Amino acid sequence: MMRTYTMVLAALLLAGCQQGPSPEQLAREKAEKMKHYSEVMQWRTGRIERLTKPDGWLSLVGMHWLPKSGITRIGSGEANGTRLATGPDKLGLITVDEAKQVWLQPENGVAITIDGKPAAGRTKLVPDSQGTATVVGFNEGKASFIVIERGGRLALRVRDAEAQTRVKFTGIDYFPVDSVFRYTATFTPHDAGRTIDIVNILGIVEPMMNPGTVTFSAGEKKFTLEAIDEGDHRLFLVFADRTSGKESYAAARFLYAEYPGPDGKTVVDFNKAYNPPCAFTPFSTCPMPPPENRMDMAVTAGEKKPRKITP
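Residues numbered from 1 in each chain as written. Predicted model: local features only at pLDDT ≥ 70, side-chain atom pairs only at ≥ 80, totals over all residues. Heavy atoms only, no water.

A separate point is helix α2 (residues 23-52). The end-to-end C-alpha distance of α2 is 44 Å, a good match for the 44 Å that 30 residues give at a rise of 1.5 Å each. Contacts made by the buried residues of α2 are with β12 (182-189) and β19 (265-269). (Helix = DSSP H or I, 4+ residues; strand = E, 2+ residues; numbered from the N terminus. Expected span 1.5 Å × (residues − 1). Contact = heavy atoms within 4.5 Å.)

What follows concerns the environment of Ile148. Within the secondary structure, Ile148 is located in strand β10 (residues 143-150). Residue Ile148 is classed as buried on the basis of its relative accessible area of 0%. Taking C-alpha positions, Ile148 is 25 Å from Val167, a pair spaced 19 residues apart along the chain. Excluding residues within four positions of it along the chain, Ile148 makes contact with Met63, Asp128, Arg153, Leu154, Ala155 and Arg157. (Buried < 20%, exposed > 50% of the residue type's maximum accessible area, 1.4 Å probe, protein only.)

Turning our attention to the pairing of strand β16 (residues 221-227). In this structure, strand β15 (residues 212-218) lies alongside β16, joined through seven bridges in antiparallel fashion. Note on β16: the bridge partner recorded for Gly212 is Ala227. Hairpin connection of β15 to β16: two residues between the antiparallel strands, including Gly219 at a positive phi of 65 degrees. (Pairing = 2+ DSSP bridges.)

Attention now moves to the side chain of Arg150. Turning to its location among the elements, Arg150 is positioned in strand β10. Of note is the side chain of Arg150, whose polar atom sits 2.8 Å from the side chain of Thr285. Those residues in contact with Arg150 that lie beyond four places of it in its chain are Trp65, Asp128, Arg157, Ile204, Glu206 and Thr285. (Polar contact = N/O pair within 3.5 Å; in protein donor to acceptor, adjacent residues only side chain to side chain.)

Right, let's talk about the nonpolar core for a bit. Among the nonpolar cores identified, the biggest contains 22 residues, and Val214, Phe216, Phe270, Met295, Met297 and Val299 are the most heavily contacted of them. Mapped onto this core, the elements with two or more residues apiece are β12, β15, β16, β17 (235-239) and β18 (253-257). Excluding residues that lie within four positions of it along the chain, Phe270 makes contacts with Phe181, Tyr183, Phe216, Leu225, Phe239, Leu255, Met295, Val299, Ala301 and Gly302. (Core = buried A, V, L, I, M, F, W, Y, C linked by side-chain atoms within 4.5 Å.)

With a phi close to 50 degrees, Asp115 is a non-glycine residue in the positive phi region. In this structure, Asp115 sits in the loop between β6 (113-114) and β7 (117-118). For Asp115, a relative accessible area of 48% corresponds to the partly exposed category. Residues other than glycine seldom take positive phi values, yet Asn139 does so here, at roughly 55 degrees. Examined against the element boundaries, Asn139 turns out to sit in the loop between β9 (136-138) and β10.

Structure representation (structure tokens):
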């Protein structure tokens, strides 16, 4: 009888231990998930606003390589050496000198702005590799171009607020928000000044600042990603995973994480992983993932493949 009582008591105690989380713990977990969901949805709203603004990535309509040195006439007319997809027939002359400085001589009678102010004769254009790029506006401010530098070569990047990719944009498809894909990661710094060679979608290799790595655990596996600093003091992660080319964009997805605090920890939240500009337009120069950032893991979080634009 005593033995039976002891066995029953043990069973009751064991059952009590197996009841799982307390109501308070469950409430806390639910509140954390709701907070995370709200944070991700707010991020998505900002992402759409940035993508669809008049001079956002969806407005790209051209990328034109400039001569290493010399003169090219630009405009939408057939006679131009650099023919733009939009704008007046003749926009002006672009000169690249031996020192790789770029100059614009506007066409007489054509309304052009330089950084929002009316153009006043021959103007030097600052490329994006040397600071804030000079914005040359036309078409009553609806279109513009800047000079970019990639792999030592200069090009014009042209935007048009009336681009089909922007006008006919219908939104983004996402994986469901899942807090499982929000990881606390450890940042391990590299030696100061270290760079990593990154190949862009054009096949051009460019060294980029490589401040360190972020490491996190997913189940029983550990993953380490090389981070890039584009100059804004954030950790820029370019990655591919098992969904790439299937549910998500084939080339890569992008993600930002903050620099860590004193504890060396940061958050890698794949729910905020997004498609690069080259997923929407052929006129961008997106970086591809380094070999270290090709993950043997299906990241079913963040943005899915972009929708096709119907003509």
